Amino acid sequence: MALNTLKGCHLVTADIMLSLSSLPRNGVSSLTFSPGRYANGGQWAGFSNQQVVLFQTLQEALREIDLPETQDLPQGVSHSQLCICVLGSPLPYLSLLLEAGQRSPGDALLCLSPSWLTRSSSSLLVHKAVMFDLGGRTFLSNFDPPRRVTYFLSCEPWAKGEVSRETDCPSGGSGPLGQFWGDVLNTRVLLQKAKIHCPPTLALLMPPGQMGLGEGRTGGVKVVHLEIGVEEWKNSIQNEVDAFLESEDVGGSERVVLRCSGGRFVGEATAPPVYLSKNSKDEVWAKVSYLLPQLLPGEAVLLEAYCSPLKPGLRVEDRTWEQYTDCRPQVADLSFRLCAILTRSPLDLPLLYKLVCRVGVSTTPLSHGHSLCQSLETTLLECGFTDPGMSTSLRRLATDTSLSCFRVVMETESRMTAEDRGGAGAQTDMIGVDLLFTVNGSSIIPVVLGFHPSLCLHSSLLDQGIGMETCDSGIEGWNRGTLLLTPLIRSQCYLMQGKTILVVGAGGHSKKFIWKAAKHYQLKILLVDSDPAHFALQLVDHFLALPDLPDHRRDEQHCSSICDWLSSSGVQLDGCVCFWDDCVMLASMVCDRLGLRGPPTEAIRIAKEKSRTHKHLLGLLSSTRTKLISVEQPSGQADGLVELRDCERRDRQQNGMVNMEGDSMRAMADFDRGDLFSEVMGKPKTASPPSSFTSHTSSFSQSFGTFQPTAPLLSPSPSSYAVPCIHVESSLDLEKATSSGAGGTGGVTVGVVRFPAIMKLEYGAGAVGVRKVGSLEESLAHFERIGGDLREETDYPGIGLCWGNAMTLMEYVGGTEHDVDLVLYEGRLEAAFVSDNGPTRAPAFTETAAQMPSGLAADKRVQLIHAAYHACLGCSLRDGVFNVEMKMTEVGPKLIEINARMGGFYLRDWILELYGADLLMSAFMVSCGIRPCLPSATALPARGHFAGVMVVVSQHLQALRDTASPERLRRLHNEGALRLNELADEDELISGEYEEPFCNIGIRDAHSAANARQRLLALCQGLGLHCPPRYDLGYFLSHFN
């Protein structure tokens, strides 16, 4: 309805349109409702016509995208604690509801009336809703007890409601925020302050505005205040209008645009703008003067210059049949405008979800409801712009402008009070930006027309499946997963608030981020550690000091002490987790004792001992129905190498091998070797010796704490990823294996292990003591050296010596090295992230460089993920966050080792910044029995590229005391010049033969991995960290080329 037709009924009509904006255009009276068609008729008894209309609107929308109509909720359909709720019309957020239903079935709800919701204390509860499930199915559901909303959105006809104001529920918007950003005048003033182009505008405002706008000019926007009941202002206002029409701002335009803003003129169904000739001053003033008396406080009349959209380029004329027959149709000039849909990341960063175009005839204004959307590239080609470089430049220009707009939104809201935002949990998480390209002299510039909180998302839902994880939109610029990422993350953080979690083992300096993050997430942490003066003591809620915690012969006693402490303190524990490698076994025992979710103790035992991991996986041959290989012995290895006599133990001591009845995991537990998988294979179980880890498992824990290794049916057996290796506790082990082996093609063998091979500490960490050996003599020499240098925990704290200094001899495999960080819940892969490692330092195998995301081809990344995932399942690691070290060889992935805890070093921070997913929070959630759901397990879009290098004291001591001092590195980190991960304290600036990295320095580049590496190398040269040839960062980083 044009403004010039609103005589006498403008105010009433505006209110009616706002209340019915999301309903079908043919009106309520044309809709017929048959209760029995969708649900039992009784469920709809007494419902209002508006609820019926919205329900029918949903059915029509589902049919349009070829999805089944809503049914009654069948028996057996379950849901989790997650609850994403939309109140209002089904159209604006239909794509989000469908995507959420696909990724987390039953946890996306649509409420068609505020009466379906109630408030209880600070929580928002749902009693009735349409539930979205797999495959786009929907069910009309009643909830008794009601479900607690974990994320809330509202839209027309209740967009201005304040249902969630008095709750602490996370909300992706609110009535006040929708009103604020829907006010065109507010938007333009803020954008002009940020130097973002908007149409030159004259605003005639009835004060006060939402921001208390004063009179004056902000960039191209001039605000003039009106006065109520004073006639003299008309002449001055008319002069302002005439001056605007004659100004240079409007000089290049033939037309002006007239619209209203604020108050009743915010919403999707407000009257469209009117386009007038700037030369018809009398007509312009007549329209303006008609509207002014009808304004209420906070509303404004806007007169703006018409910005001509980018004109089509030269077309190549082809001879067509119409030319020969004189029937050539007249070709109208085309114009287009863009709609960018943006979302807020969990780290409060703007993300582009979609960028689409609206195309139409240049003489007709474009609108969302009357034009189809298509890609920018297609639009430019149709308009005659065939240069690919121009297409790329315009896409970048539109993207950067849109992202800048959302930054303005976030910065503005950060300065608002909770009352102004509409609630403590309210913020704008997604918004649509309308813009167009116009020519200014010889430059093409983007001009922002306004914001639309949900209209852009609604109108860009093209066909079935768009927005779902497994489908492609067909439109460039659509970033899979960004729409649902923040609603899921905010929901999960909300569910975790106030949870009480036991952390076993505080770790060292590199783990200090855990305690700050736990405070940020509002978690209550109970910490157990051996150091009564640990720095984390002041950062947690409760602390238990067990001085003999490193003595793992007493783990059963420690487990009892921890459980008694918890019982006596009256603490209700929600979860138990471990981030320190030395304590993963004890944490598993505590979970087992208390019936908490976590990996079974047997699985941790297998993962903890590197050689046992590989032997165990080599025994997973169920698909071939062949005789199982013992999980303790590789094929061809004598029993005598495992069951050692007393004289052999004395020999180990003489060779420097610590022999503790319990320090070695072999001495601690001798669990069912030959018949470990008899139950899985369907064979009768035989009696096995009792384990020293006997636990009092509750019936609750047995549902997920039972040792159940599994092998895939559709993928290769995990045995194909394992590498031949032997467990070494004495030189006798190597010598006996040599005498039983024979030479093989391609190298000398020791038993089943061919040289060259890798020798490493069986329970080690940080690559300390790792060497490549080419013969039996070299392996014996290295074994003797380790036995003399690294005997017990005090020789090198934190690398696993508290478990003993037994070693592993593993066959060396070539290829590239990678980390695969996994999140598993009930055996399901919830998230996987792959990173690349550079060449290790010779002769040791300490890490030098890394990059993320991986530079491998997509199919190779998938192979690594599948291999890591099935290796974990093969070891019965079904619940938790795990770090799997892999190699990609010419014949596929090979396993190095499984770390049955969250990855260390820089991995958590890089993943959080690139993908918005926090491995730390995922570990906490799994321990509490909450599924850490993400929009995609393996295809989240990365926000840029990280490259990083390790700084080691032996090579960088001088720089660390001068040009790259820890203080300077922290300052550069705070300034955003680099990403610093401190792995050791400053008092550890001591060089030695065996060392771990002191810190990691990384650079994130938004556009390419090559740029990240180049910038990193240049930075390190300036810091004095590039020291060729002894520590050649250029060589390390070139590995990724």
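Refer to the structure above for everything that follows.
Q: Explain the sheet that holds strand β28 (residues 807–811) here, please?
A: Strands pair in a sheet through their backbones, by hydrogen bonds, and they do so in one of two ways: parallel or antiparallel. One open sheet accounts for four strands, arranged β23-β28-β26-β27; its pairing is antiparallel. If you trace the sheet from one side to the other, it starts and ends with β23 (725–728) and β27 (771–773), each paired once. The mean angle between the axes of side-by-side strands here comes to 25°, regardless of whether they run parallel or antiparallel. Two elements, β23 and β28, share four bridges in a ladder whose sense is antiparallel. Bridge pairing in β28 links histidine 727 to threonine 808. Packed on one face of the sheet, helix α20 (residues 610–618) meets β23, β26 (757–761) and β28 and runs near 145° to β23. Running at roughly 150° to β27, helix α26 (residues 776–789) makes contact with β23, β26, β27 and β28 of the sheet.

Q: Is there a simple way to explain the packing of helix α4 (residues 94–103) against helix α15 (residues 482–496) in this structure?
A: Relative to each other, α4 and α15 sit at 70°, their axes nearing to 10 Å. One element, α4, and the other, α15, form an angle in the roughly perpendicular class. Once α4 is placed against α15, the crossing between them reads as right-handed. Contacts between α4 and α15 involve Ser95, Leu96, Glu99, Ala100 and Arg103 from the former and Leu483, Leu484 and Pro487 from the latter. Considered class by class, the residues forming the contact of α4 with α15 number five nonpolar, one polar and two charged.

Q: Please clarify how helix α18 (residues 584–594) should be interpreted in this entry.
A: In an α-helix there are 3.6 residues to a turn, and that puts residues three or four apart on one side. In terms of burial, α18 is largely enclosed, as 10 of its 11 residues are buried. When α18 is considered as a whole, its buried residues turn out to be Val584, Met585, Leu586, Ala587, Ser588, Met589, Val590, Cys591, Asp592 and Arg593. Of the residues trailing α18, glycine 595 is marked for its positive phi of about 70°.

Q: It is not clear to me how the packing of α15 against helix α29 (residues 919–927) should be interpreted in this structure. Could you clarify?
A: When two helices pack together, their arrangement is given by the angle between the helix axes and the distance between those axes. Remark: α15 packs on α29, axes separated minimally by 11 Å, with the N-to-C direction vectors making an angle of 50°. Taken together, the axis directions place α15 and α29 in an arrangement best described as oblique. Taken as a pair, α15 and α29 cross one another with a handedness that is left-handed. On α29, the residues that touch Gln492, Cys493 and Met496 of α15 are Met921, Phe924 and Met925. Classifying every residue of the contact of α15 with α29 by side-chain character gives five nonpolar, one polar and no charged.

Q: Just to check I follow, could you spell out the nonpolar core for this structure?
A: The nonpolar side chains of a soluble globular protein tend to be buried with one another. Residues Phe924 and Ile1001 are the most contacted members of the largest nonpolar core, which totals 79 residues. The element contributing the most residues to this core is α29, with six residues. What phenylalanine 924 contacts, discounting residues up to four positions off in sequence, is Met496, Ile501, Val503, Ile514, Leu523, Ile525, Val577 and Phe579. Listed in part, the 62 residues of the second largest apolar core include Leu544, Trp803, Leu864 and Met886.

Q: Can you help me understand the pattern of salt bridges in this one?
A: Opposite charge on two side chains makes pairing possible when the charged atoms of those side chains draw close. Tallied over the entire structure, the rule returns 40 salt bridges. Note that lysine 222 is salt-bridged to glutamate 240, the shortest N-O span being 3.0 Å. Separated by 18 residues along the polypeptide, lysine 222 in strand β10 (residues 221–225) and glutamate 240 in helix α7 (residues 233–245) bring together distant segments of the chain. Accessibility expressed as a relative area gives 27% for lysine 222, which makes it partly exposed. When its relative accessible area of 23% is taken as the criterion, glutamate 240 is described as partly exposed. The salt bridge involving aspartate 434 is made with arginine 337; its shortest N-O contact spans 3.0 Å. One end of the pair, aspartate 434, is in strand β17 (residues 430–440); the other, arginine 337, is in strand β14 (residues 334–344), with 97 residues separating them in the sequence. Members of the salt-bridge network, linked through shared partners, are Arg908, Asp909, Glu913, Asp918, Arg979 and Arg1004.

Q: Please explain the environment of glutamate 735 as it appears in this structure.
A: Structurally, glutamate 735 can be placed in helix α25 (residues 731–740). Judged by relative accessible area, which is 39%, glutamate 735 ranks as partly exposed. Considering only alpha carbons, one finds glutamate 735 and glutamate 777, 42 residues apart in sequence, at a separation of 10.0 Å.

Q: How should I be thinking about the packing of aromatic side chains in this particular structure?
A: In this description, an aromatic ring pair is defined by two values, namely the gap between the centres and the angle between the planes. Counted under the stated rule, the structure contains 11 aromatic pairs. Between tyrosine 906 and tryptophan 910 the ring centres are 4.3 Å apart and the planes differ by 35°, which places this aromatic pair in the tilted class. The pair formed by tyrosine 906 and tryptophan 910 is uniform in burial state, with each residue classed as buried. Relative to phenylalanine 946, the ring of tryptophan 910 has its centre 4.8 Å away and its plane inclined at 5°; by these criteria the two rings are stacked. Residue tryptophan 910 is located in helix α28 (residues 907–915), and its partner phenylalanine 946 is located in strand β34 (residues 945–951); the two are separated by 36 residues in the primary sequence. Take phenylalanine 946: its relative accessible area is 1%, and that puts it in the buried class. Among the aromatic residues, ring-to-ring pairing joins Phe905, Tyr906, Trp910 and Phe946 into one connected group. It is lysine 128 that lies over the ring of tryptophan 116; its NZ or CZ is 5.9 Å from the centre.

Q: I would appreciate a short explanation of the side chain of serine 174 in the present structure.
A: Residue position: serine 174 is located in the loop between β7 (151–154) and α5 (175–182). For serine 174, a relative accessible area of 11% translates into the label buried. There is a polar contact of 2.4 Å between the side chain of serine 174 and the backbone oxygen of arginine 421.

Q: Mind showing me how you'd approach the sheet that holds strand β8 (residues 201–205) here?
A: With respect to topology, six strands assemble into an open sheet ordered β9-β10-β8-β13-β11-β12, the strand pairing being mixed. The sheet is open, and its two borders are formed by β9 (216–218) and β12 (274–277), each paired with just one other strand. Strand after strand, the sheet turns through a mean of 25° between neighbouring axes, direction not considered. Sheet topology note: the β9/β10 ladder contains three bridges and is antiparallel. Its bridge partner lying in β10, arginine 217 is registered against lysine 222.

Reading guide: rules and limits
Residues numbered from 1 in each chain as written. Predicted model: local features only at pLDDT ≥ 70, side-chain atom pairs only at ≥ 80, totals over all residues. Heavy atoms only, no water. Pairing = 2+ DSSP bridges. Helix = DSSP H or I, 4+ residues; strand = E, 2+ residues; numbered from the N terminus. Axes fitted to C-alpha atoms, helices over the stretch in contact; angles between N-to-C directions. Contact = heavy atoms within 4.5 Å. Parallel < 35°, antiparallel > 145°, perpendicular 65-115°, else oblique. Left-handed = near helix turned anticlockwise from the far one by under 90°. Nonpolar A, V, L, I, M, F, W, Y, C, P; charged D, E, K, R; others polar. Buried < 20%, exposed > 50% of the residue type's maximum accessible area, 1.4 Å probe, protein only. Core = buried A, V, L, I, M, F, W, Y, C linked by side-chain atoms within 4.5 Å. Salt bridge = Lys/Arg side-chain N within 4 Å of Asp/Glu carboxyl O. Phe/Tyr/Trp six-rings, centres within 6.5 Å; stacked < 30°, edge-to-face > 60°. Lys NZ or Arg CZ within 6 Å of the ring centre and 35° of its normal. Polar contact = N/O pair within 3.5 Å; in protein donor to acceptor, adjacent residues only side chain to side chain.

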